[in-house]
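Take a look at the letters that make up each chain.
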Amino acid sequence: MTMQEFLVHERTLLGALDSFGGTLVRTRPQLAADYNEYLDDFAQRWLDSGYPNELDSISTYWVQAYLSSLSLAEREVAKAALHSFFDWAISQALIEQAPLGGGYLS
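These numbers were taken from a predicted model, which means no experiment stands behind them.

*Asks:* It is not clear to me how the overall build of the protein chain should be interpreted in this structure. Could you clarify?
*Replies:* For the protein chain, the count of helices and strands is five helices and zero strands. N-terminal to C-terminal, the α/β element order of the protein chain is α-α-α-α-α. In the protein chain, buried positions account for 36% of the 106 residues. The long-range fraction of contacts in the protein chain, counting pairs at least 24 apart against all pairs at least 6 apart in sequence, stands at 58%. Total accessible area computed for the protein chain in this model is approximately 6200 Å², and 52% of it derives from carbon and sulfur atoms.

Put into structure tokens, the structure is as follows:
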């Protein structure tokens, strides 16, 4: 994969999730599995709703709607996973700000 192809790949939602998943190798196995489960679910619901596979297309409204569809216990883990993912995406200059309502959801 060329550098240009890699950059394009990472700017897609699925590409960024793939790259982020690689950063979880030093995370506790159960936590990494939980994060991957919720991030995969988030992406699948986004794409199944007909939205584009573009990282910068995700809106705060949609993130909040996704989180509100989960149970309270699930919501806390999913919220932590989304924060970690979007913080990573910002640090990699893939997006300028997280679609988490001012950076963080309550």
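Having seen it, we continue.
*Asks:* Could you clarify how one ought to interpret the environment of A43 in this entry?
*Replies:* Here A43 shows up in helix α3 (residues 29-48). A relative accessible area of 2% means that A43 is categorised as buried. For the pair A43 and N53, spaced ten residues apart in sequence, the C-alpha separation works out to 8.6 Å.

*Asks:* Mind showing me how you'd approach the packing of aromatic side chains here?
*Replies:* The geometry of an aromatic ring pair is captured by two quantities: the separation of the ring centres and the angle between the planes. All chains considered together, the criterion is met by ten aromatic pairs. Taking 5.2 Å as the distance between ring centres and 75 degrees as the angle between the ring planes, the aromatic pair formed by F42 and W62 counts as edge-to-face. Remark: W62 occurs in helix α4 (residues 60-68) and F42 occurs in helix α3; sequence separation between them is 20 residues. Just as F42 is buried, W62 falls in that class too. Here W62 and Y66 contribute two aromatic rings whose centre-to-centre distance is 6.2 Å and whose plane-to-plane angle is 5 degrees, an arrangement assigned as stacked. Placement of the pair is W62 and Y66 together in helix α4, with a separation of four residues, close to one helical turn. The exposure classification of W62 matches that of Y66, with both residues buried.

*Asks:* Please clarify how the nonpolar core should be interpreted in this entry.
*Replies:* Nonpolar side chains in soluble globular proteins tend to end up buried together. Among the nonpolar cores identified, the biggest contains 30 residues, and L13, L55, I58, Y66, L82, F85 and F86 are the most heavily contacted of them. Beyond its immediate chain neighbours, meaning those up to four positions away, F85 contacts L13, A16, L17, F20, L39 and L55.

*Asks:* In this structure, what is going on with the packing of helix α2 (residues 13-23) against helix α5 (residues 72-91)? I would like to understand it.
*Replies:* For any two helices packed against each other, one specifies the inter-axial angle together with the distance between the axes. Across the interface, α2 lies against α5 with an axial gap of 10 Å and an inter-helix angle of 100 degrees. On the basis of their axis angle, the class for α2 and α5 is roughly perpendicular. From α2, L13, A16, L17, S19, F20 and T23 reach across to α5, where they touch S84, F85 and W88. Partitioning the contact of α2 with α5 into residue classes produces six nonpolar, three polar and no charged.

*Asks:* Help me out: how do you make sense of α4 in this one?
*Replies:* For an α-helix the count is 3.6 residues per turn, leaving residues at separations of three or four pointing the same way. Buried within α4 we find W62, V63, Y66 and L67. In a view along the axis of α4, the buried residues occupy a sector of 135 degrees, so they form one face of it. In α4, the exposed positions that point more than 90 degrees away from the buried face belong to Y61 and S68. On its buried side, α4 packs onto α3 and α5.

Reading the values: the criteria
Within each chain, residues carry numbers counting from 1 in the order of the written sequence. Only residues with pLDDT of 70 or above have their local features reported here, since the model is predicted, and side-chain atom pairs are shown and tallied only from 80 upward, although totals for entire chains, interfaces and linings are computed over all residues. Note: side-chain values were computed over all heavy atoms of the structure, leaving out hydrogens and water. A run of DSSP states H or I qualifies as a helix once it reaches four residues; a run of E qualifies as a strand once it reaches two. Both are numbered from the N-terminal end. We call a residue buried when its accessible area falls under 20% of the maximum for its residue type, exposed when it is over 50%, and partly exposed in between, using a 1.4 Å probe and counting protein chains only. The criterion used for residue contact is that any of the two residues' heavy atoms lie within 4.5 Å. The accessible surface values rely on the Shrake-Rupley method and a 1.4 Å probe; as for residues, cover is taken only from the protein chains in view. Only the six-membered ring of Trp is used, alongside the rings of Phe and Tyr, when aromatic pairs are assigned; centres must lie within 6.5 Å, and planes under 30 degrees apart are stacked while those over 60 apart are edge-to-face, with the rest tilted. Buried Ala, Val, Leu, Ile, Met, Phe, Trp, Tyr and Cys residues form a nonpolar core when they are joined through side-chain atoms within 4.5 Å. Angular values range over 0 to 180 degrees, each being the angle between N-to-C directions of two axes fitted as lines to C-alpha atoms, with helices fitted over their stretch in contact. An angle below 35 degrees is read as roughly parallel, one above 145 as roughly antiparallel, one from 65 to 115 as roughly perpendicular, and any other as oblique. Lys, Arg, Asp and Glu make up the charged group, whereas Ala, Val, Leu, Ile, Met, Phe, Trp, Tyr, Cys and Pro make up the nonpolar group; the residues left over, Gly among them, are polar. Here, the arc refers to the directions that run from the helix axis to the C-beta atoms.

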